[in-house]
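Residues per chain are reported as follows:
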Amino acid sequence: MTSLIRLVVSNYNEIEEINKEIMVESWPMMSSPGPMLCIVGTYLAFVLKIGPKMLENRPAYQLNGPLIAYNAFQVIFSIWLTIRALDPSIVRVILSPKCNNSSRSLTDIDVQATISATAWWYHIAKMSELLDTVFFVLRKKQNQVSFLHVYHHTMTAVFSWCYVRFLPGEQGALLGLLNSFVHIIMYAYYLIAALGPQYRKYLWWKKYITWIQLIQFIIMLGYLMMTLAMDCKVPKALTYFFMTNVIIFIYLFSDFYRKAYKKKEL
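Residues numbered from 1 in each chain as written. Predicted model: local features only at pLDDT ≥ 70, side-chain atom pairs only at ≥ 80, totals over all residues. Heavy atoms only, no water.

### As for helix 9 (residues 206-229)
Helix length check: helix 9, at 24 residues, gives a terminal C-alpha distance of 36 Å against a target of 34 Å (1.5 Å per residue), a fit within 8%. Those residues of helix 9 that sit buried are Ile 209, Thr 210, Gln 213, Leu 214, Gln 216, Phe 217, Met 220, Leu 221, Tyr 223, Leu 224 and Thr 227. Positive phi appears at Asp 231, one or two residues downstream of helix 9, with a value of about 50°. (Helix = DSSP H or I, 4+ residues; strand = E, 2+ residues; numbered from the N terminus. Expected span 1.5 Å × (residues − 1). Buried < 20%, exposed > 50% of the residue type's maximum accessible area, 1.4 Å probe, protein only.)

If you want it as structure tokens, here you go:
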């Protein structure tokens, strides 16, 4: 335990030096967690309490136009993030996450700057995706504001900030790449659904989105376990945190799939 704590502190100090060099604190919303926490706190208050109460005696908003524009934006943003995460320097880090017993625990400064900058844009994407739940509430689809949905959006928004600011380990690159790719598919589905009932015949693949999400988490878990088994020189505290949340997501998404689809098949 003592050696693990020593390693975590060493990783953190080294990352802090790199973050100072690439001036992460000067990036928008990175100097303090205040703005991020304010947005997330407002989000939780609105979707869990204020929004449902405000709409209690009012008709649901239709929002067809805004939903089409929003989902189209998210598809384009996710494609752009995926392409950005496929930068050759990031791909090399994903394929070889310091598992060669190098004395360096982190990537070179230029590569780390590329990872951190991409992770910052990923954080902006996660903040924008909080609108998913806001649209559910405004359309009075409170049944879709599940624990899984709110937990997933809250955790990704908060932790993506922490990742950029405090512990941008190399192993997060694959997770961001996979998640951005999956979101291309997911928001494409939502975009088609928003176009109107005449397009429902093209939405037969809804349940496969959950399959794709589960496959994504299984790949993530396998990759993280590999970095531990091979004693890769990456921040292990970050690996354990990622693994814990990936396992939680596997359980929650599996439970959602079972309740949403398996019971209907019986």
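Now that the structure is up, let's keep going.
### Some words on the side chain of Thr 156
Mapped onto the elements, Thr 156 comes out in helix 7 (residues 147-165). Here the side chain of Thr 156 touches His 152 through a polar contact of 2.9 Å, landing on its backbone oxygen. (Polar contact = N/O pair within 3.5 Å; in protein donor to acceptor, adjacent residues only side chain to side chain.)

### Details of the UniProt feature "transmembrane region" (unreviewed entry) in the chain
Following the UniProt record, the feature "transmembrane region" (unreviewed entry) maps to residues 33-51, 63-83, 173-196, 208-226 and 238-257 here. This span, residues 63-83, is 95% helix and 0% strand, and a straight line between its end C-alpha atoms measures 30 Å. For the annotated span residues 208-226, helix accounts for 100% and strand for 0% of the residues, and the straight-line distance between the end C-alpha atoms is 27 Å. (UniProt positions renumbered as here; feature names shortened; annotations may be inferred.)

### What to know about the pattern of salt bridges
Applying the stated criterion across every chain, the model contains six salt bridges. Put simply, Arg 165 and Glu 25 hold a salt bridge, and the shortest N to O gap is 2.9 Å. Separated by 140 residues along the polypeptide, Arg 165 in helix 7 and Glu 25 in the loop between helix 1 (2-21) and helix 2 (34-54) bring together distant segments of the chain. The partner of Lys 259 in a salt bridge is Asp 255, and the shortest N-O contact between them spans 3.1 Å. Within this pair, Lys 259 and its partner Asp 255 are both found in helix 10 (residues 236-265), separated by four residues, close to a single helical turn. Owing to a relative accessible area of 16%, Asp 255 belongs among the buried residues under this scheme. A cluster of three or more residues bridged by salt bridges with shared partners is formed by Asp 255, Arg 258 and Lys 259. (Salt bridge = Lys/Arg side-chain N within 4 Å of Asp/Glu carboxyl O.)

### Focus: the packing of aromatic side chains
By the definition in use, this model includes 23 aromatic pairs. Taking 6.1 Å as the distance between ring centres and 35° as the angle between the ring planes, the aromatic pair formed by Phe 77 and Trp 80 counts as tilted. With a gap of three residues between them, Phe 77 and Trp 80 both fall in helix 3 (residues 64-85), about one helical turn apart. Accessibility expressed as a relative area gives 10% for Phe 77, which makes it buried. Aromatic pair Tyr 208 and Trp 211: ring centres 4.8 Å apart, planes at 90°, arrangement edge-to-face. Of this pair, Tyr 208 and Trp 211 both sit in helix 9, three residues apart, roughly one helical turn. (Phe/Tyr/Trp six-rings, centres within 6.5 Å; stacked < 30°, edge-to-face > 60°.)

### Remarks on the packing of helix 6 (residues 131-138) against helix 7
Running from N to C, helix 6 and helix 7 cross one another at 145°; their axes reach a closest spacing of 10 Å. For the pair formed by helix 6 and helix 7, the contact residues are Asp 132, Thr 133 and Phe 136 on the first element and His 149, Val 150 and His 153 on the second. Taken together, the residues of the contact of helix 6 with helix 7 break down into two nonpolar, three polar and one charged. (Axes fitted to C-alpha atoms, helices over the stretch in contact; angles between N-to-C directions. Contact = heavy atoms within 4.5 Å. Nonpolar A, V, L, I, M, F, W, Y, C, P; charged D, E, K, R; others polar.)

### Some thoughts on the nonpolar core
Counting 64 residues, the largest nonpolar core has Ile 94, Tyr 163, Val 164, Phe 217, Phe 242 and Val 246 as its most contacted members. A total of nine residues in this core trace back to one element, the largest contributor, which is helix 8 (residues 172-194). (Core = buried A, V, L, I, M, F, W, Y, C linked by side-chain atoms within 4.5 Å.)

### So, the packing of helix 2 against helix 7
For the pair helix 2 and helix 7, interaxial distance at closest approach is 10 Å and the crossing angle is 175°. Regarding the angle of helix 2 to helix 7, the classification is roughly antiparallel. Contact with helix 2, carried on its side by Met 36, Val 40, Tyr 43, Leu 44 and Leu 48, involves His 149, Val 150, His 153, Thr 154, Ala 157, Val 158 and Trp 161 of helix 7 and no other residues of that element. In terms of residue class, the contact of helix 2 with helix 7 is built from nine nonpolar, three polar and no charged. (Parallel < 35°, antiparallel > 145°, perpendicular 65-115°, else oblique.)

### Quick look at the environment of Thr 114
Along the chain, Thr 114 falls in helix 5 (residues 109-128). Overall, Thr 114 belongs to the partly exposed group, its relative accessible area being 24%. Spatially, the C-alpha atoms of Thr 114 and Ser 89 are 8.1 Å apart, while their sequence positions differ by 25 residues. In this structure Thr 114 touches Asp 87, Ser 89 and Ile 90, once residues within four positions along its chain are discounted.

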